[in-house]
Each structure stands twice: as structure tokens, then as C-alpha cells.
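Structural description and commentary
Each chain, letter by letter, is given below.
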Amino acid sequence: MLKSSLLLAALLLPVFSAANAEDYKAGDLLVSDPWSQELPPNAPTVAAYFVVHNTAESPDRLLSAETPVAEKAELHEHVMQGALMKMQQVRTVAVPAKGDLTFAPMAYHVMLLGLKDRSLLADGKQFPLTLTFEKAGKVEVQVSVQKMPPMASHEHQHPQ
């Protein structure tokens, strides 16, 4: 009986985890799984990550991000320059038509600079992040702070 209960719980866990994941809608866009890693002591910056799903027949564009926990929120990407991986700011990020765009470590991310409220950057906390899209407009998401990155992996896409 105990084995059956444990097996059922193990099988249902991914369903409940997916159901509890937050999704935020803005026009034809769905922003899912916003997260950030717990802020290490004395770290001057932290990054936020999420996935943007576009159901529209036309592309959209992420124009900016802002949050009350930082003075600035910049859109960044990692690129290879020669043999070096470099992080650089980008003005906007294209969200492909009928496609997904993943903000993840070593890819696109929102870099938070000039951190104000470090107490919200601890494991288990959440903080607001407002994303502004060219067509879909603004959407506020709640970023979940986690000690370890989530296990789900997504392919990331860069604009063509």
C-alpha cells in the first residue's frame, strides 16, 4: 500500500509542479517560469530569466524591463567573441512569430544593476519585474528566487 501511494505521488508531482508554475499573459504573448538565482553575499548584480511564448502570426519585440529591487534592469546576452564568452547589453530582443524565446543563463537575460532591496533576493522570495513589449504592451511578472536553477531546460533562440 505504501509503495502504491509513493508511486502515485511520484507520478503526480510533475503535474502539480507544472500547474503551480506561474504564467503571465500580455496580448498574444505568454511569459512563463520567471526565476532568479539567490543572490550571493556581496554580489553587485543578479539576473532574471523566463520564457516568452508567442502565439501570434507576427513577431513581437521585448523593449525593456524594470523592477523596484534595482536601479536599472538591462537586457543582456552572452556571445562568443573569438575564444571568449562575453556578456553585452542589447537594446531589444525579438520574439519570433509562433515561437518561443528563452531567457536563461549563458543566453539572453535581464541584468539587475544597482540593487536596492537585497532582502527580496533570497531563496523562496519573489519580486516584481515589468516587461514592456512593442505590440503586447506591459506585463508584470513575479520572479521566484531559487537557491538552484530550475531543472527544466529550454532551447534559446536569438533573433535572425
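Residues numbered from 1 in each chain as written. Predicted model: local features only at pLDDT ≥ 70, side-chain atom pairs only at ≥ 80, totals over all residues. Heavy atoms only, no water.

1. Notes on the packing of aromatic side chains
Threshold: Two aromatic rings, drawn from Phe, Tyr or Trp (for Trp, its six-membered ring), form a pair once their centres lie within 6.5 Å of each other, and the interplanar angle then sorts them: stacked below 30 degrees, edge-to-face above 60, tilted otherwise. Helix and strand assignments follow DSSP, with helices taken as H or I runs no shorter than four residues and strands as E runs no shorter than two, numbered in order from the N terminus. Each residue is assigned to one of three classes by its accessible area relative to the maximum for its type, calculated with a 1.4 Å probe on protein chains only: buried under 20%, partly exposed between the two thresholds, exposed over 50%.
Counting across every chain of the model gives 3 aromatic pairs. Centroid distance Phe-50 to Phe-103: 4.4 Å. Interplanar angle 20°. Geometry classified as stacked. Taken together, the residues Phe-50 in strand S3 (residues 45–54) and Phe-103 in strand S8 (residues 100–103) connect sequence positions 53 residues apart. Each member of the pair, Phe-50 as well as Phe-103, carries the same accessibility label: buried. When the ring of Phe-103 is compared with that of Tyr-108, the centres are 5.7 Å apart and the planes differ by 35°; the resulting orientation is tilted.

2. Some thoughts on a nonpolar patch on the surface
The following threshold applies: For patches, a residue must show more than 30% relative accessible area and have no salt bridge; joins then use 9 Å for like charges and 5 Å for nonpolar side chains, namely Val, Leu, Ile, Met, Phe, Trp and Tyr. For accessible areas, the Shrake-Rupley method is used with a probe of radius 1.4 Å. Any residue's cover is judged against the shown protein chains and nothing else. For salt bridges, the criterion is a side-chain nitrogen of Lys or Arg within 4 Å of an Asp or Glu carboxyl oxygen.
A contiguous nonpolar surface patch, about 310 Å² in accessible area, is contributed by Met-80, Met-85 and Met-106. By the secondary structure assignment, Met-85 is in strand S6 (residues 84–89).

3. Thoughts on the environment of Val-95
Formally: Should any heavy atoms of two residues lie within 4.5 Å, those residues are counted as being in contact.
Looking at where Val-95 falls in the secondary structure, it is placed in strand S7 (residues 93–95). Measuring from C-alpha to C-alpha, the distance between Val-95 and Ser-58 comes to 9.1 Å, with 37 residues separating the pair along the chain. Those residues in contact with Val-95 that lie beyond four places of it in its chain are Leu-29, Val-52, Asn-54, Pro-59, Asp-60, Arg-61, Leu-62, Leu-101 and Phe-133.

4. Overview of the nonpolar core
What counts, and what does not: Buried residues of nine kinds, namely Ala, Val, Leu, Ile, Met, Phe, Trp, Tyr and Cys, make up a nonpolar core once their side-chain atoms join them within 4.5 Å.
Membership of the largest hydrophobic core comes to 35 residues, with the highest contact counts inside it found for Val-110 and Phe-133. Non-local contacts of Phe-133, meaning those with residues more than four positions away in its chain, are made with Leu-29, Val-31, Val-52, Asp-60, Arg-61, Leu-62, Leu-63, Val-95 and Val-139.

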